[in-house]
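Chain residues, written in single-letter form:
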Amino acid sequence: VRKALVVYLMAGSDTPVLAEAAVEGGADVVEVGFPFSDPLADGPVIRHAAERALAAGMDTAACLGCLEQVRQRVDVPLVPMTYSSLLEAWGWERFAADARAAGATSLIVADLPVDERPAVRRVQLVAPTSTDERIRLGAERTDGWLYLVAVTGTTGARTEASPALAGLARRARSLAGGVPLYAGFGISTPAHARAAATLADGVVVGSRALEAAADGPGALRGYVASLRVALDEP
Amino acid sequence: VGGGSNAIGIFAGFLDDSAVELVGVEAAGAASLGSGRTGVLHGSRAPVLADANGQIVDAHSISAGLDYPGVGPEHAFLRDSRRARYLAATDDEALAAFRRLARTEGIVPALEPAHALARVDELDAELVVVCLSGRGDKDLDEVLAHS
């Protein structure tokens with residue numbers, strides 16, 4: 001079974017071209033970050049990318065426009081990832097509707113607990129600290145796949161694969177009733193991706209993808225392809 | 001009232017006593033209750049200093065403890081239910097109140113409660129209790145720099 005590869009990019013003027021490169025490299029899903037000033041789930045790489053994006057004028061309307069341009073170039077699922085404050089300001093259901101109209105297939109709201117805003121369909125996140133009850137609820141309400149946050153910490157590359165993922169994946173596997181499990185946070189190298197994919201159905205890469213993207217679409221394509229190869233090895 | 005933890009501590013003892021009026025004072029440049037909008041910061045949906053897109057904007061206060069763009073949601077509830085009301089004081093007003101308490105009482109207050117002291121004269125009450133949340137030794141450099 002092919003393991004899913006999700007690549008995170010920050011919304012910006014280069015994002016459509018970068019998304020195309022990621023898909024050419026073998027990405028199955030593209031997450032588009034809508035920057036927030038206080039991104040508490042993110043480590044330094046994504047935080048800085050968000051600051052730069054905001055300084056460049058990537059407000060909610062600009063991000064929706066970016067999403068639309070990405071959609072014109074790629075046909076894989078597109079998932080905006082952002083924070084509650086943007087939805088509170090834009091209008092929760094209006095945000096979800098406008099994102100969908102711009103080409104989004106789902107949504108991730110990193111700081112929104114599973115029992116809040118049930119009308120906003122989204123990918124739910126669970127972490128090593130989530131109780132069994134919360135994992136079950138997250139799986140029940142999630143949109144398509146369940147996001148396994150592999151660490152008790154923020155996004156960003158780590159040297160070692162997370163020791164907490166195995167336990168979380170095992171619990172989620174028994175509680176999630178067949179919902180696909182994708183692991184993210186701290187996954188950066190082909191070896192990490194491969195190790196995480198033995199436990200989960202897919203992996204999400206963010207910070208390292210942004211670093212590769214900083215060197216242009218060719219570098220991003222090459223990085224994503226290296227992950228694809230590692231995931232597809234028999 | 002900055003993030004509001006100190007204020008909610010002293011309010012807690014009087015919440016059920018309707019004879020006691022509760023007044024909070026925010027820094028004018030960090031008045032999430034006075035001039036903020038509803039946003040989500042650090043896991044709470046509450047009044048925050050934010051732009052129309054929900055991006056958090058910088059707070060400003062001469063007092064480090066008040067220099068925060070959000071406030072605990074319980075204060076928002078007390079404001080909306082009219083159990084407490086919230087005023088603001090500028091940096092200059094806080095500095096003047098700081099000096100006044102030092103000169104008249106020999107007490108050097110921290111700059112945070114100096115904001116509350118700045119509004120005390122305007123309250124129409126027989127007895128006013130001010131939570132003097134800390135001492136001003138820590139703020140002397142800041143105050144001297146402004147004198």
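Everything discussed here concerns the structure shown above.
Each value, and the rule that gives it
- Residues numbered from 1 in each chain as written.
- Chains lettered and ligands numbered in written order.
- Predicted model: local features only at pLDDT ≥ 70, side-chain atom pairs only at ≥ 80, totals over all residues.
- Heavy atoms only, no water.
- Helix = DSSP H or I, 4+ residues; strand = E, 2+ residues; numbered from the N terminus.
- Rg over C-alpha atoms; globule rule 2.2 N^0.38 Å.
- Buried < 20%, exposed > 50% of the residue type's maximum accessible area, 1.4 Å probe, protein only.
- Contact = heavy atoms within 4.5 Å.
- Areas by Shrake-Rupley, 256 points an atom, 1.4 Å probe, with all protein chains shown as cover.
- Lys, Arg positive; Asp, Glu negative; His and termini not counted.
- Charge placed at Lys NZ, Arg CZ, Asp CG, Glu CD.
- Salt bridge = Lys/Arg side-chain N within 4 Å of Asp/Glu carboxyl O.
- Buried area = accessible area lost by both parts, 1.4 Å probe.
- Phe/Tyr/Trp six-rings, centres within 6.5 Å; stacked < 30°, edge-to-face > 60°.
- Core = buried A, V, L, I, M, F, W, Y, C linked by side-chain atoms within 4.5 Å.

Visitor: Kindly report on the overall build of chain B, identifying the contributing residues and their values.
Guide: Secondary structure summary: chain B contains six helices and four strands in total. Computed over C-alpha atoms, the radius of gyration of chain B comes to 15 Å, within 12% of the 15 Å expected from 2.2 N^0.38 for 147 residues, which places it in the range of a compact globule. Overall, the C-alpha framework of chain B stretches about 45 × 40 × 20 Å when taken along its three principal axes. Among the 147 residues that make up chain B, the fraction classed as buried is 41%. Counting only contacts in chain B whose residues sit at least 6 apart along the sequence, the fraction spanning at least 24 positions is 63%. Entry remark: accessible area of chain B is about 7,800 Å², with carbon and sulfur atoms responsible for 50%. Treating the 12 positive side-chain charges of chain B as one cloud and the 22 negative ones as another, the clouds have centres 3 Å apart.

Visitor: Kindly report on the pattern of salt bridges, identifying the contributing residues and their values.
Guide: Where charged atoms from two side chains of opposite charge approach closely, those side chains can pair. Residues and elements named next belong to chain A. What the rule picks out here adds up to 22 salt bridges over all chains. Its salt-bridge partner being Arg94, residue Asp98 comes within 3.7 Å of it at the nearest N-O pair. On the criterion of helical spacing, the pair formed by Asp98 and Arg94 is a turn pair, its members being four residues apart in helix 5 (residues 92-101). Overlapping salt bridges bring together Arg2, Asp28, Arg228 and Asp232 as one network.

Visitor: Would you mind going over the environment of B:Ser18 in detail, with residue names and values included?
Guide: All names here are of chain B. The topology assignment puts Ser18 in the loop between helix 1 (5-12) and strand 1 (22-27). According to the relative accessible area criterion, Ser18 is exposed, its value standing at 72%. Linking Ser18 and Ile62, residues 44 residues apart in sequence, is a C-alpha distance of 33 Å.

Visitor: Could you give me a rundown of the interface of chain B and chain A, with the residues and numbers involved?
Guide: Counting from both sides, the interface comprises twelve residues of chain B and, opposite them, 16 residues of chain A. Buried area between chain B and chain A, both sides added, is near 1,100 Å², and the carbon and sulfur share of it is 49%. Considering only the surface of chain B that becomes buried against chain A, B:Val40, B:Asn53 and B:Gln55 emerge as the three largest contributors, covering 51% of it. Here chain B is connected to chain A by one salt bridge. Residues B:Arg45 and A:Glu88 are paired through a salt bridge, measuring 2.7 Å at the closest nitrogen-oxygen approach.

Visitor: Go over the packing of aromatic side chains, please, and point to the residues and values.
Guide: Residue and element names in this part refer to chain A. Tallying each qualifying case throughout the model produces five aromatic pairs over all chains. For the pair Trp145 and Tyr182, a centre-to-centre distance of 4.5 Å together with 20° between the ring planes defines the contact as stacked. One end of the pair, Trp145, is in the loop between helix 6 (132-141) and strand 6 (146-149); the other, Tyr182, is in strand 7 (residues 181-184), and 37 residues separate them in sequence. The same class applies to Trp145 and to Tyr182, which are both buried. Seen from their ring centres, Tyr147 and Phe185 are 5.8 Å apart, and the 85° between their planes marks the pair as edge-to-face. Pair noted here: Tyr147 is in strand 6 and Phe185 is in the loop between strand 7 and helix 8 (190-199), with a separation of 38 residues, a long-range link. Residue Tyr147 is classed as buried on the basis of its relative accessible area, which comes to 3%. Aromatic ring contacts, followed pair by pair, group Trp145, Tyr147, Tyr182 and Phe185 into a single cluster.

Visitor: Describe the nonpolar core, and please don't skip the residues or the numbers.
Guide: In terms of nonpolar packing, the biggest core is built from 92 residues, with A:Val7, A:Leu146, A:Leu148 and A:Leu220 touching the most fellow members. Ranked by residues supplied to this core, first place goes to strand 1 (residues 4-10) of chain A with seven residues. Membership of the second largest hydrophobic core comes to eleven residues, among which are B:Phe11, B:Leu33, B:Leu78 and B:Tyr86.

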